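# Observations on the three-dimensional arrangement
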Amino acid sequence: MIAIYPGSFDPITLGHLDLIQRGSRLFERVIVAVLRNPNKVPLFSVQQRLDQIRLSCQHLPNVEVDSFDGLTVNYAQMRHAQVLLRGLRAVSDFEVELQMAHTNKTLSTQIETVFLATSNEYSFLSSSVVKEIARFGGSIDHLVPPHIALDIYQCYNHKSPMLNPISTEVTPPLKSTPAQREP
Ligand SMILES: Nc1ncnc2c1ncn2[C@@H]1O[C@H](COP(=O)(O)OP(=O)(O)OP(=O)(O)O)[C@@H](O)[C@H]1O
Ligand SMILES: CC(C)(COP(=O)(O)O)[C@@H](O)C(=O)NCCC(=O)NCCS
Ligand SMILES: [Mg+2]
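Per chain, residue numbering runs from 1 following the sequence as it is written. Here every chain gets a letter starting at A, and every ligand a number starting at 1, in the order they are written. It should be noted that, the model being predicted, local features are given only for residues of pLDDT at least 70 and side-chain atom pairs only at 80 or more, the latter also being counted only at that level, while totals for whole chains, interfaces and linings use all residues. Neither water nor hydrogens contribute to the side-chain values; these are computed over all heavy atoms in the structure.

As annotated in an unreviewed UniProt entry, the chain is Phosphopantetheine adenylyltransferase from Nostoc linckia z8. UniProt positions are given in the numbering used here, feature names are shortened, and annotations may be inferred rather than shown by experiment. Under Cofactor (unreviewed entry), UniProt gives the following word-for-word description of the chain: "Mg(2+)".

As structure tokens, then:
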């Protein structure tokens, strides 16, 4: 069975990667699919995110990385996938995810949404949290793979964390350089 794991992944975190790794043990093939979303101005372009995810998943032979636009169910049908894989961290995720799953069911009865519960250690983790910590000079080394931490530090104009998690030193906010709006 083929599963699509759709999302923004701006950027991919250890929480996403944990889900991908566990999904890759359940399904014949997992396609991580980055939505080309013209309504969002992301930190990383779609191409940067594809490169970041590919590097992070290169040890998983049955994981493919792709981008798509339009409806997720249409993309899933085009890829002959039967499952949409999504993660649940908290009740707040559940509300949004359930609505999305029901919406997708009205669009295609053939495609099932399968949820994996977050691993305990990543239950707090989101792309937004990672960006917020980095923007204010904190360390994200424990939240994303090393090559992605470097990319993020570069975006915020610092090459290494200026404030480690146990330090109380205050540093000024750093300038961000978000990616251009996707074409
Ligand atoms: N730490 C995590 N554990 C389990 N599932 C997760 C985790 N982080 C994200 N997910 C799931 O991955 C999917 C894609 O999420 P998304 O790209 O919105 O990531 P995010 O970390 O929530 O980013 P953002 O902060 O931009 O919303 C969603 O189903 C989400 O619930
Ligand atoms: C991409 C995503 C899965 C949301 O992912 P995200 O939680 O990572 O932002 C969702 O916005 C989506 O499926 N967008 C494509 C348009 C679509 O199919 N909409 C109907 C389902 S809500
Ligand atoms: Mg999210």
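What follows is about the environment of His16. A helix here means a DSSP run of H or I that spans at least four residues, while a strand means a run of E at least two residues long, and both kinds are numbered starting from the N terminus. For His16, the position within the fold is in helix α1 (residues 14-26). Overall, the relative accessible area of 16% leaves His16 in the buried class. Here a residue-residue contact requires only that any non-hydrogen atoms of the pair lie within 4.5 Å. Each residue touching His16, except ones within four places of it in the same chain, is listed here: Tyr5, Phe9, Pro11 and Ser127. Only protein chains enter the accessibility calculation, which uses a 1.4 Å probe; a residue whose area is less than 20% of its type maximum is buried, one above 50% is exposed, and one in between is partly exposed.

Turning to the site of ligand 2, a few remarks are in order. When at least one non-hydrogen atom of a residue lies within 4 Å of a molecule or strand, that residue is treated as near it. Surveying the vicinity of ligand 2 reveals the residues Gly7, Ser8, Leu35, Lys40, Gly70, Leu71, Thr72, Arg86, Met100 and Asn104. Definition of a polar contact: a pair of N or O atoms within 3.5 Å, with one able to donate and the other able to accept a hydrogen when the atoms are protein atoms, and with sequence-neighbouring residues admitted only if both atoms are side-chain atoms. In this structure, an oxygen atom belonging to ligand 2 sits 2.5 Å away from a side-chain N or O atom of Thr72. Measuring from an oxygen atom of ligand 2, one finds a side-chain N or O atom of Arg86 at 2.9 Å. Taking 530 Å² as the accessible area of ligand 2 by itself, protein coverage stands at 69%. The method behind every accessible area is Shrake-Rupley, applied with a 1.4 Å probe, and residues are considered shielded solely by the protein chains displayed.

In what follows, salt bridge is the name for a side-chain nitrogen of Lys or Arg lying within 4 Å of a carboxyl oxygen of Asp or Glu. Enumeration according to the criterion identifies nine salt bridges in this entry. Of the charged contacts, one joins Asp18 and Arg22 as a salt bridge, the two residues approaching to 3.0 Å between their closest N and O atoms. One end of the pair is Asp18 and the other is Arg22, both in helix α1 and four residues apart, which spans about a single turn. Its relative accessible area of 19% is what places Asp18 among the buried residues. One salt bridge in this structure joins Arg79 and Asp66, with 3.2 Å as the shortest N-O distance. With Arg79 in the loop between α3 (72-78) and β4 (83-88) and Asp66 in strand β3 (residues 63-68), this pair connects stretches of sequence that are 13 residues apart.

Bringing the pairing of strand β1 (residues 2-7) into the picture now. Across the six residues of β1, six count as buried, placing the element largely inside the fold. What you see with β1 is no split at all: Ile2, Ile4 and Pro6 on one side and Ala3, Tyr5 and Gly7 on the other are buried throughout. In this scheme, strands are said to pair when DSSP sees at least two bridges between them. Relative to strand β2 (residues 29-35), β1 runs parallel, the two being bridged by six bridges. In the sheet register, Ile2 faces β2, and the bridge partner there is Arg29. By convention, orient the strands away from the viewer: a clockwise path from the first strand over the helix to the second makes the crossover right-handed. Each parallel crossover has a hand, and for β1 linked through α1 to β2 it is right-handed.

So, on to the state of the cysteines. Disulfides are defined as pairs of cysteine sulfur atoms found within 2.5 Å of each other. According to the stated counting rule, one finds zero disulfides in the structure shown. Cys155 provides the cysteine sulfur closest to Cys57, a residue in no disulfide bond, and the two sulfurs are 20 Å apart. The buried category is assigned to Cys57, whose relative accessible area is 2%.

The next subject is the UniProt feature "site: Transition state stabilizer" (unreviewed entry) in the chain. What UniProt calls "site: Transition state stabilizer" (unreviewed entry) maps, in this numbering, to His16. Within the structure, His16 has its side chain in polar contact with the backbone nitrogen of Thr13 (distance 3.0 Å).

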